[in-house]
Amino acid sequence: MQSKAVELVKAFFDAGKPVAAICHGPWTVIEAGAARGRRIASWPSSKTDVRNAGGEWVDQEAVVDGNLVTSRKPDDIQAFNPEMIALFGKARRQSRQTA
């Protein structure tokens, strides 16, 4: 609900930069208008919000959809972190190739 945080996340999506969200973090993805058409894991109580925003809620430890990686809860961090690092590393390699 912090407008500056939502603006930052929206700017990352608009620029094609990687975004990672865990637990209730996908609410910010929704607020940024970036959930439609995406597969998103989140805390189960966010399932309806993800669906109402046009996303597909997924009950998995870690889900990668394009430049977005999401996860359900802190217990999933061992699955989430490697996916996040891989996504960020891929983005970094791509930015170096275009520079």
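Figured I'd write up the structure that's included with this text. Just so it is clear, the model here is predicted, and its values are computed rather than measured. (Residues numbered from 1 in each chain as written. Predicted model: local features only at pLDDT ≥ 70, side-chain atom pairs only at ≥ 80, totals over all residues. Heavy atoms only, no water.)

### Quick notes on the side chain of arginine 72
Right, so step 1: Checked against the element boundaries, arginine 72 lands in the loop between strand 5 (68–71) and helix 4 (77–98).
Right, so step 2: A polar atom in the side chain of arginine 72 sits 2.8 Å from the side chain of aspartate 59.
Right, so step 3: Among all residues touching arginine 72, those that are not within four sequence positions of it are Cys23, Ala41, Ser42, Trp43, Asp59, Gln60 and Glu61. (Helix = DSSP H or I, 4+ residues; strand = E, 2+ residues; numbered from the N terminus. Polar contact = N/O pair within 3.5 Å; in protein donor to acceptor, adjacent residues only side chain to side chain. Contact = heavy atoms within 4.5 Å.)

### Comments concerning the sheet that holds strand 1 (residues 19–22)
Right, so step 1: With mixed pairing, three strands are arranged side by side in an open sheet as 1-5-4. The outermost strands of the open sheet, each flanked by one partner alone, are strand 1 and strand 4 (63–65). On average, each strand axis in the sheet is inclined to that of its neighbour by 15°, with strand direction left out of account.
Right, so step 2: Here strand 4 pairs with strand 5 via three bridges, running antiparallel. Bridged to aspartate 65 within strand 5 is leucine 68.
Right, so step 3: Lying on the sheet, helix 4 is in contact with strand 1, strand 4 and strand 5; it crosses strand 1 at an angle near 170°. (Pairing = 2+ DSSP bridges. Axes fitted to C-alpha atoms, helices over the stretch in contact; angles between N-to-C directions.)

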